[in-house]
Amino acid sequence: MRKLIFGTLLAAITPLSHATPPEARSLLLEQISIEHIDLQGQLRTWKLNKVCIDQQAYLLLMKGLTEPVSISPSFKDGKPEQCRVAD
């Protein structure tokens, strides 16, 4: 019985594993930016950018001008923050 279930799952998943990913998009930081915050320490300045991607706000931490360190969802009142960038 386990072999039958495993075989059925494998047959169902196999076509999905050959699916091609969607084409990559390019978004300019200037076009999706909501807010910029400079975090200054004794040795280094970090730049925190709040950006809007597909109507969801994210926090993008950058070291210097071109070196992203991390990205995480932005939360407001305990819920993911929604956003909209003006065209």
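Residues numbered from 1 in each chain as written. Predicted model: local features only at pLDDT ≥ 70, side-chain atom pairs only at ≥ 80, totals over all residues. Heavy atoms only, no water.

Asks: So what's going on with the side chain of Glu81? Residues and values would help.
Replies: Locating Glu81 in the fold gives a position in the segment after β6 (79-80). Here Lys50 takes part through its side chain, which lies 3.2 Å from a polar atom of the side chain of Glu81. In this view, Glu81 contacts Lys50, Gln55, Gln56, Ala57, Ser74, Phe75 and Lys76; residues no more than four positions away in its chain are not counted. (Helix = DSSP H or I, 4+ residues; strand = E, 2+ residues; numbered from the N terminus. Polar contact = N/O pair within 3.5 Å; in protein donor to acceptor, adjacent residues only side chain to side chain. Contact = heavy atoms within 4.5 Å.)

Asks: Go over the pairing of strand β2 (residues 45-53), please, and point to the residues and values.
Replies: Note that strand β1 (residues 33-40) and β2 share seven bridges and pair antiparallel. Bridge assignment links Gln40 to a residue of β2, and that residue is Thr45. Joining the antiparallel neighbours β1 and β2 is a turn of four residues. Of the pairings in the sheet, the one linking β2 to strand β3 (residues 56-63) comprises eight bridges and is antiparallel in character. Note on β3: the bridge partner recorded for Lys47 is Met62. A loop of two residues connects β2 with β3, the two strands running antiparallel in sequence, and Asp54 in this loop sits at a positive phi of about 55°. (Pairing = 2+ DSSP bridges.)

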